[in-house]
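Notes for the structure review
Each chain, written out:
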Amino acid sequence: MDKRDNQNYSMLIVDDEPLIRESLFEIFKIEGFRVQMASTAEEALILMEKNPVHIVITDLKLPNMSGLELLQQVKKDYEQAEVIVITGYGSIETAVEAMKIGAFEYITKPINDSEIKLIIANIVQKIRLIEENTALKGLIAKDRRQSFAGMIGSSERMQSVYNIIDSVASTNATILITGESGTGKGMVAKAVHQSDERRRKRPFVEISCGALSETLLESELFGHVKGAFTGAIKDKEGRFEYAKGGTIFLDEIDAFSPSLQVKLLKVLQDGLFERVGENVSRKADARIIVATNQQLTKLVDEGEFREDLYYRINVIAIQMPPLRDRRDDIKPLADHFLEMFSRANNKTVKEMSDEVLALFKSYSWPGNIRELENAIEGAVIMAKGDVIQLSDIPNSTKFEEEDGSKSAEIKSLKQVTEQPERDHIISVLNDCNWNRNKAAAALGVNRTTLYNKMKKYNILDAKK
Ligand SMILES: Nc1ncnc2c1ncn2[C@@H]1O[C@H](COP(=O)(O)OP(=O)(O)OP(=O)(O)O)[C@@H](O)[C@H]1O
Ligand SMILES: [Mg+2]
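Residues numbered from 1 in each chain as written. Chains lettered and ligands numbered in written order. Predicted model: local features only at pLDDT ≥ 70, side-chain atom pairs only at ≥ 80, totals over all residues.

**Concerning unusual backbone geometry**
Along the chain, Lys-109 connects to Pro-110 via a cis peptide bond; the corresponding omega equals 0 degrees. By the element assignment, Pro-110 lies in the loop between strand S5 (105-108) and helix H6 (113-142). Of note, the phi angle at Asn-346 is positive, near 50 degrees, even though the residue is not glycine. Relative to the assigned elements, Asn-346 resides in the loop between helix H14 (330-344) and strand S17 (351-352). (Helix = DSSP H or I, 4+ residues; strand = E, 2+ residues; numbered from the N terminus.)

Here you go:
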């Protein structure tokens with residue numbers, strides 16, 4: 001057995017007798033394993049929550065929670081972990097019971113060094129085989145995935161998104177997801193959480209940062225104490241606390257104010273935060289995923305976003321491709337939504353006509369998948385037969401790309417009132433060089449309102 005390989009495996013030794021605990025610790029440390037110790041089952045479970053453990057060696061007799069109960073819990077929460085139980089002379093029945101629950105092996109005291117080393121070697125061999133097997137399966141599956149964690153798409157661009165998710169899911173690395181509105185950033189964040197064996201059992205917390213004022217956002221994230229501000233009538237836990245052991249997804253991270261940026265930086269650097277109105281530092285223990293449809297480097301250049309924070313969040317970057325860059329995914333996506341809305345509306349719509357598909361494939365989809373989803377929903381509702389026809393598409397001329405030959409169709413009231421508002425916002429943004437604070441002030445609305453309008457009208461930053 002190569003000792004260097006052993007450092008890939010972590011071991012946890014649980015025994016209330018310091019002598020046994022420490023001698024096992026020494027043996028396996030020399031063998032090259034990453035070894036941790038605990039004197040109670042409770043402590044062992046806390047350690048396991050923090051870091052993945054491959055092998056647990058536990059005494060059956062422990063102060064409160066027994067080794068048998070620990071075994072049960074480990075097998076329930078961490079299927080892959082292997083457990084060896086140590087039993088005293090004359091308690092073979094319990095050892096047998098442990099084997100039934102799923103212990104890998106039991107050994108009796110006094111512990112024989114070469115016996116336990118041999119058992120560990122067998123476990124390592126087993127783990128390696130499983131690892132090789134999953135790697136192989138991954139290779140085969142990686143051939144081309146049609147979908148991943150509910151996301152549809154087999155394009156090259158999506159394959160690399162899936163592969164990144166696969167490789168980062170079980171790490172603690174902060175992830176930055178960028179992409180235009182409606183490209184599936186939210187779905188990717190959930191997929192990361194779902195692909196993480198440990199965290200998926202814990203909460204996934206999503207916060208739309210652009211929708212909250214600075215004060216509300218801070219208290220939402222970090223919590224507050226009674227009296228911290230008007231309306232803070234009692235202590236409140238923040239979402240960082242709630243997301244403990246899970247994932248926190250900060251959407252529209254560009255909306256973070258300068259002072260909140262500093263606080264987030266502290267979480268990323270030191271893992272610490274404070275409730276609003278309190279001086280006690282608390283530990284943050286959630287995987288952080290952030291998303292934005294803005295170009296953060298540009299906000300950094302403009303001094304709106306801290307550079308140090310940018311580097312902290314940009315550890316792993318996932319760029320969501322716009323739908324127009326993966327047109328081959330349009331059909332499978334459309335089919336997926338067709339089936340979904342057909343069922344939801346008790347319709348029997350099964351497919352789109354060739355003309356509709358051609359139209360959809362040629363359109364630029366500025367609102368990306370969300371826009372496609374909405375278009376299909378409207379079409380399914382309007383459909384008269386089993387096949388969606390051009391005439392079923394509400395507003396179908398929208399999909400004919402502006403080539404100047406558009407006829408003067410009759411506009412709906414909504415178009416008449418919303419179009420000027422959209423145009424005005426764009427022109428003011430232009431005047432303010434796309435500085436949102438200035439534009440919001442010029443328009444006489446707050447930044448959040450402007451933000452929401454930009455989202456509603458699909459106004460993308462022109463300077464991107
Ligand atoms: N690959 C996909 N397969 C199926 N549905 C998808 C896919 N990507 C996105 N969707 C759907 O499209 C809609 C928009 O996705 P999502 O909210 O994740 O996008 P977003 O990038 O976060 O958008 P925004 O920036 O506006 O918040 C959702 O209803 C989502 O379920
Ligand atoms: Mg989103």
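**Overview of the site of ligand 1**
Not every one of the 17 residues close to ligand 1 is listed here, only the nearest: Met-151, Ser-181, Gly-184, Lys-185 and Gly-186. When contributions to the shell around ligand 1 are tallied by element, the ones reaching two or more residues are strand S7 (151-152), helix H8 (185-195), H14 and helix H16 (368-382). Looking at the shell around ligand 1 residue by residue, the class counts come to 5 nonpolar, 9 polar and 3 charged. Each of domain 2 (147-319) and domain 3 (324-399) contributes no fewer than three residues to the shell around ligand 1. (Near = placed C-beta within 6 Å. Nonpolar A, V, L, I, M, F, W, Y, C, P; charged D, E, K, R; others polar. Domains from an automatic or database assignment.)

**Brief notes about helix H9 (residues 214-222)**
Along H9, the positions that sit buried rather than exposed are Leu-217, Glu-218, Ser-219, Leu-221 and Phe-222. Packed against the buried residues of H9 are strand S9 (204-208), strand S10 (223-224), strand S11 (236-237), helix H10 (239-242), helix H11 (258-270) and strand S13 (272-274). One or two residues past the end of H9 sits Gly-223, with phi positive at roughly 85 degrees. (Buried ≥ 20, exposed ≤ 12 C-beta atoms within 10 Å, placed from the backbone. Contact = placed C-beta atoms within 7 Å.)

**So, the packing of helix H4 (residues 67-77) against helix H5 (residues 92-101)**
The geometry of a pair of packed helices is captured by two quantities: the angle between their axes and the separation between those axes. Taken N-terminus to C-terminus, the directions of H4 and H5 make an angle of 5 degrees; their axes are 10 Å apart at the nearest point. Taken together, the axis directions place H4 and H5 in an arrangement best described as roughly parallel. Residues Leu-68, Leu-71, Gln-72 and Lys-75 of H4 pack against Thr-94, Glu-97, Ala-98 and Ile-101 of H5. For the contact of H4 with H5, the class distribution of residues is 4 nonpolar, 2 polar and 2 charged. (Axes fitted to C-alpha atoms, helices over the stretch in contact; angles between N-to-C directions. Parallel < 35°, antiparallel > 145°, perpendicular 65-115°, else oblique.)

**What to know about the sheet that holds strand S12 (residues 247-251)**
With respect to topology, 5 strands assemble into an open sheet ordered S9-S12-S15-S8-S16, the strand pairing being parallel. The outermost strands of the open sheet, each flanked by one partner alone, are S9 and strand S16 (316-319). Strand-to-strand twist across the sheet, computed as the mean angle between neighbouring axes with direction ignored, equals 20 degrees. (Pairing = 2+ DSSP bridges.)

**A closer look at the pairing of strand S8 (residues 175-178)**
Regular strands place side chains that alternate from one sheet face to the opposite one. Bridge count between S8 and strand S15 (residues 287-292): 4 bridges; the pairing is parallel. By the bridge assignment, Thr-178 is partnered in S15 with Thr-292. The pairing of S8 with S16 spans 4 bridges and is classified as parallel. When the sheet's bridge partners are listed, Leu-176 is paired in S16 with Ala-317.

**With respect to the sheet that holds strand S4 (residues 82-87)**
If you walk across this open sheet you meet the 5 strands as S2-S1-S3-S4-S5, and the pairing is parallel. Taken across any chain shown, the strands that pair with only one partner, and hence form the sheet edges, are strand S2 (34-38) and S5. When the angles between neighbouring strand axes are averaged without regard to direction, this sheet yields 20 degrees. With 5 bridges joining them, strand S1 (residues 10-14) and S2 adopt parallel strand pairing. Across the sheet, residue Met-11 finds its bridge partner in S2, namely Val-35. Set on the sheet, helix H3 (residues 41-50) makes contact with S1 and S2; between it and S1 the angle comes to about 165 degrees. Its contacts with the sheet put H4 on S1, strand S3 (55-59) and S4, and the angle it makes with S3 is roughly 160 degrees.

**With respect to the confidence of the model for the protein**
Taken over all residues, the pLDDT of the protein has a mean of 90, while the share at 70 or more is 95%. Least confident of the elements in the protein is helix H1 (residues 3-6), whose mean pLDDT is 77; most confident is S12, at 98. (pLDDT = per-residue confidence, 0-100.)

**Examining the domain arrangement of the protein**
In terms of domains, the protein is made up of domain 1 (3-136), domain 2 (147-319), domain 3 (324-399) and domain 4 (413-456). Between domain 2 and domain 4, the C-alpha centre-to-centre distance is 26 Å. Across the contact, 5 residues belong to domain 2 and 4 residues belong to domain 4. Split by residue class, the side of domain 2 that touches domain 4 holds 2 nonpolar, 3 polar and no charged.

**Some thoughts on the pairing of S3**
Extensive coverage of S3 is indicated by the burial of 5 of its 5 residues. Here S3 shows no split at all, with Ile-55, Ile-57 and Asp-59 on one side and Val-56 and Thr-58 on the other all buried. Here S1 runs beside S3; their pairing, made up of 4 bridges, is parallel. When the sheet's bridge partners are listed, Ile-13 is paired in S3 with Ile-57. Two strands pair when backbone bridges link them, and S3 and S4 are joined in this way by 5 bridges, in the parallel orientation. The residue of S4 that forms the bridge with Thr-58 is Val-85. In the classification by handedness, the crossover that spans S3, the intervening H4 and the parallel S4 is right-handed. (Right-handed = clockwise from strand over helix to strand, strands pointing away.)

**Some details on the environment of Ile-127**
Among the secondary structure elements, Ile-127 is positioned in helix H6. With 17 C-beta atoms packed within 10 Å, Ile-127 lands in the partly exposed category. As a C-alpha pair, Ile-127 and Ile-55 span 72 residues in sequence and 9.7 Å in three-dimensional space.

**Some words on the nonpolar core**
Ile-165, Ile-177, Val-188 and Val-192 are the most contacted members of the largest nonpolar core, which totals 51 residues. With 5 residues, helix H7 (residues 156-168) is the largest single contributor of residues to this core. Excluding anything up to four places from it in sequence, Ile-165 contacts Phe-148, Val-188, Ala-191, Val-192 and Ser-195. Counting residues in each nonpolar core, the second largest holds 34 residues, with Ala-44, Leu-70, Val-74 and Ala-103 among its members. (Core = buried A, V, L, I, M, F, W, Y, C linked by C-beta atoms within 7 Å.)

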